[in-house]
Amino acid sequence: MPGALYRIESARGEGEPARVAEEIRESLSSQPRWLPFKYFYDDRGSRLFEDITALPEYYQTRTEERLLATIAADVVDRVRPAELVELGSGAGRKIRLLLAAMARAGRLGSCVLLDINPHFLTGSARSLATDFPGLSVRGVVGDFLDDLALLGPGGGRLAVFFAGTIGNLHPAQVPAFLTRMAAQLAPRDGFLVGLDLVKDVSRLEAAYNDGAGVTAEFNRNILRAVNERLGADFDPEAFEHVAFYDAANAWIEMRLRALRPQRVRIPAACLDLAFEPGDEIRTEISCKYTRTSFEALLPQTGLELEHWYTDPENLFALALLRRRTSDDGTPR
Ligand code: AVJ
C-alpha cells in the first residue's frame, strides 16, 4: 500500500531479559509481594483489557471516548498541534478522534505511539498510517515510566495519556512523571490526561469485579505472563481475584490471593516462593482523582492546568495541561 508511512523502533535491547528477571525478583521478594503492572499487557492481557473496555460495569472507556468526541476540536483549537503523541496507546482507537480534528483544522503532521506491547503497537501504527494518508507514524516500543526520553524534543506537540492509566502510578510518583513528561514538551505544548474520578464505592468496585469475570481473568493473566517470560510455574487457577476500593488512599487495589498451599519456582529470577492460603500478591493500584487532588500534584512539574473537561455525570475527566513558558522560573 503506497503512502502508508510508519516505522517502529524499540527501547528494548539485548539486556532486556536480565532486566525483567531482576525487576520481578525484586518485587516478588518484597513484603508485601507485588508485580509491576506493565506485565499485564502481553498479547493475551492486552486483548483481555480490550474486552474489559466493553463490559457494562466498566464505564471508564465509553465515558472517556464520548467526552473526547465532544472536546477534540476544542483541544486542537487551544494547542494547535502538528504532532500527536500517545502514551500507552494499546489498540489506539481514541487517538483517531484527535487526528480527525487535526485533519479538519489542516494540521495533520505526525503521530508517535509509545506502548509496551510490540504487536498492538505495530497493528495500531499500520492502521493509523493507512487510514490517515499523509500522516507520518512512529511507534516506539517502550514504557512510559522509563522511556519517555525516546520521544525526543517537543514543539507543536500534543501528548495524550488516556484511560486513567496515570492512576496506576502511586500519587507520590506522579509529580516526577509529569516533570519528565514536561521535559519532552516545548513551552505551550499540551498534555491531555484521562483521570477516573472519585465516586460511589459500589460503582467503582463493580468496575473491577465484573459479572463475566473478565477482570479476574485479566488479573490472573499476569501470572501466565511471568510464566512465559521467566519460565515460572505459577498455576493461575490457584489464585483468586481480589479488587476493592481503599477510600483512605482513593484507589482501587487489585490482588491475587492464594487458594491453597503451593510452591512456585521462577528459575530465571532464582526464586522459590512458598504460598499459604490467603497469601497475596498486589498487582495493581488504580487511583481515583478529584480536580483538587490532581491539581495538588502539579506545582513544580512545569505543567499547569489549562482546562478540566468532564462528562455530565462527573465520572471521568480529561485534564488539559500546558507546558509553562520558560520565563517563569521553571527549570528546563
Ligand atoms: C488501563 C490502567 C486504566 O486501571 O482501570 C482495568 C486497567 N485494571 N481493570 C484501570 C484495569 C482492571 C485500567 N487501566
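Before any of the text, the structure's been laid out above.
Residues numbered from 1 in each chain as written. Predicted model: local features only at pLDDT ≥ 70, side-chain atom pairs only at ≥ 80, totals over all residues. Heavy atoms only, no water.

Asker: It is not clear to me how the overall build of the chain should be interpreted in this structure. Could you clarify?
Answerer: Scanning the chain from terminus to terminus reveals nine helices and 14 strands. Taking 332 residues into account, the globule formula puts the C-alpha radius of gyration at 20 Å, and the chain, at 20 Å, falls close to it. Looking at the 332 residues of the chain, the share that counts as buried comes to 53%. Restricting the contact set of the chain to residue pairs at least 6 apart, pairs at least 24 apart contribute 72%. For the chain, the computed accessible surface area is about 14000 Å², with 52% contributed by carbon and sulfur atoms. When the 39 basic and 47 acidic side-chain charges of the chain are each reduced to a single mean position, those positions are 3 Å apart. (Helix = DSSP H or I, 4+ residues; strand = E, 2+ residues; numbered from the N terminus. Rg over C-alpha atoms; globule rule 2.2 N^0.38 Å. Buried < 20%, exposed > 50% of the residue type's maximum accessible area, 1.4 Å probe, protein only. Contact = heavy atoms within 4.5 Å. Areas by Shrake-Rupley, 256 points an atom, 1.4 Å probe, with all protein chains shown as cover. Lys, Arg positive; Asp, Glu negative; His and termini not counted. Charge placed at Lys NZ, Arg CZ, Asp CG, Glu CD.)

Asker: What is the right way to look at the nonpolar core in this model?
Answerer: Side chains of nonpolar character tend, in soluble globular proteins, to be buried together. Membership of the largest hydrophobic core comes to 78 residues, with the highest contact counts inside it found for L87, F191, F234, I266 and F294. At six residues, the largest contribution of residues to this core is made by helix α8 (residues 214–230). Membership of the second largest hydrophobic core comes to 30 residues, among which are C111, L121, F132 and V160. (Core = buried A, V, L, I, M, F, W, Y, C linked by side-chain atoms within 4.5 Å.)

Asker: It is not clear to me how helix α6 (residues 174–182) should be interpreted in this structure. Could you clarify?
Answerer: Considered for burial, the residues of α6 that qualify are V174, F177, L178, M181 and A182. Buried positions in α6, seen along its axis, are confined to an arc of 140 degrees and lie on one side of it. Buried residues along α6 sit in contact with β3 (83–87), β6 (157–161), β7 (190–196), β13 (303–310) and β14 (316–323). (Arc of directions from axis to C-beta.)

Asker: I tried to follow unusual backbone geometry on my own but got confused; where do I start?
Answerer: The phi torsion of most residues other than glycine is negative, and most of the peptide bonds are trans. With an omega dihedral of -5 degrees, the bond running from Q31 to P32 counts as a cis peptide bond. With respect to the helices and strands, P32 occurs in the loop between α1 (16–29) and β2 (33–34). Its identity as a non-glycine residue notwithstanding, R80 has a phi of 50 degrees, on the positive side. Residue placement: R80 occurs in the loop between α3 (59–79) and β3. On the accessibility criterion, R80 (47% relative accessible area) is partly exposed. Notably, C270 is not glycine yet its phi reads approximately 50 degrees, a positive angle. Mapped onto the fold, C270 is located in the loop between β10 (262–266) and β11 (271–275).

Asker: Quick question: what am I supposed to make of the sheet that holds strand β5 (residues 136–141) here?
Answerer: By way of backbone hydrogen bonds, the strands of a sheet pair with one another, either parallel or antiparallel. Read across the open sheet, the eight strands follow the order β1-β5-β4-β3-β6-β7-β14-β13; overall the sheet is mixed. The outermost strands of the open sheet, each flanked by one partner alone, are β1 (6–10) and β13. The average angle at which neighbouring strand axes cross in this sheet is 20 degrees, direction not considered. The sheet contact formed by β7 and β14 spans seven bridges and is antiparallel. Directly across from D196, in β14, lies its bridge partner F316. Running over the sheet, α6 touches β3, β6, β7, β13 and β14 and is turned about 155 degrees from β7. (Pairing = 2+ DSSP bridges. Axes fitted to C-alpha atoms, helices over the stretch in contact; angles between N-to-C directions.)

Asker: When you look at the site of the ligand in this model, what are you seeing that I'm missing?
Answerer: By nearness alone, 15 residues border the ligand, and Y58, N168, Y208, E284 and S286 come closest of all. Between Y58 and the ligand, the recorded distance is 2.6 Å, taken from a side-chain N or O atom to an oxygen atom. In this structure, an oxygen atom belonging to the ligand sits 3.4 Å away from a side-chain N or O atom of N168. Bound to the protein, the ligand loses 98% of the 350 Å² it would expose on its own. Elements that contribute at least two residues to the shell around the ligand include exactly α2 (43–53), α8 and β12 (280–287). (Near = heavy atom within 4 Å. Polar contact = N/O pair within 3.5 Å; in protein donor to acceptor, adjacent residues only side chain to side chain.)

Asker: Got a minute to help me understand the side chain of K199 in this structure?
Answerer: With respect to the helices and strands, K199 occurs in the loop between β7 and α7 (201–207). For K199, a relative accessible area of 14% puts it in the buried group. A polar atom in the side chain of K199 sits 2.9 Å from the side chain of D196. Within the local environment of K199, its side chain forms a polar contact with the backbone oxygen of L315, the two atoms lying 3.0 Å apart. Setting aside its immediate chain neighbours within four residues, K199 contacts Y59, L204 and L315.

Asker: Please clarify how the pattern of salt bridges should be interpreted in this entry.
Answerer: A side chain of one charge can pair with a side chain of the opposite charge when the charged atoms of the two come close. Taken as a whole, this structure holds 35 salt bridges when the rule is applied. In this structure, the salt-bridge partner of D196 is K199, at a minimum N-O distance of 2.9 Å. On the basis of relative accessibility, which here comes to 3%, the residue D196 falls in the buried class. Where R324 meets E304, a salt bridge forms, and the shortest distance between an N and an O atom there is 3.3 Å. Of the two residues, R324 sits in the segment after β14 while E304 sits in strand β13, which places them 20 residues apart along the sequence. (Salt bridge = Lys/Arg side-chain N within 4 Å of Asp/Glu carboxyl O.)

No statement about biological role is implied by the geometric values presented.
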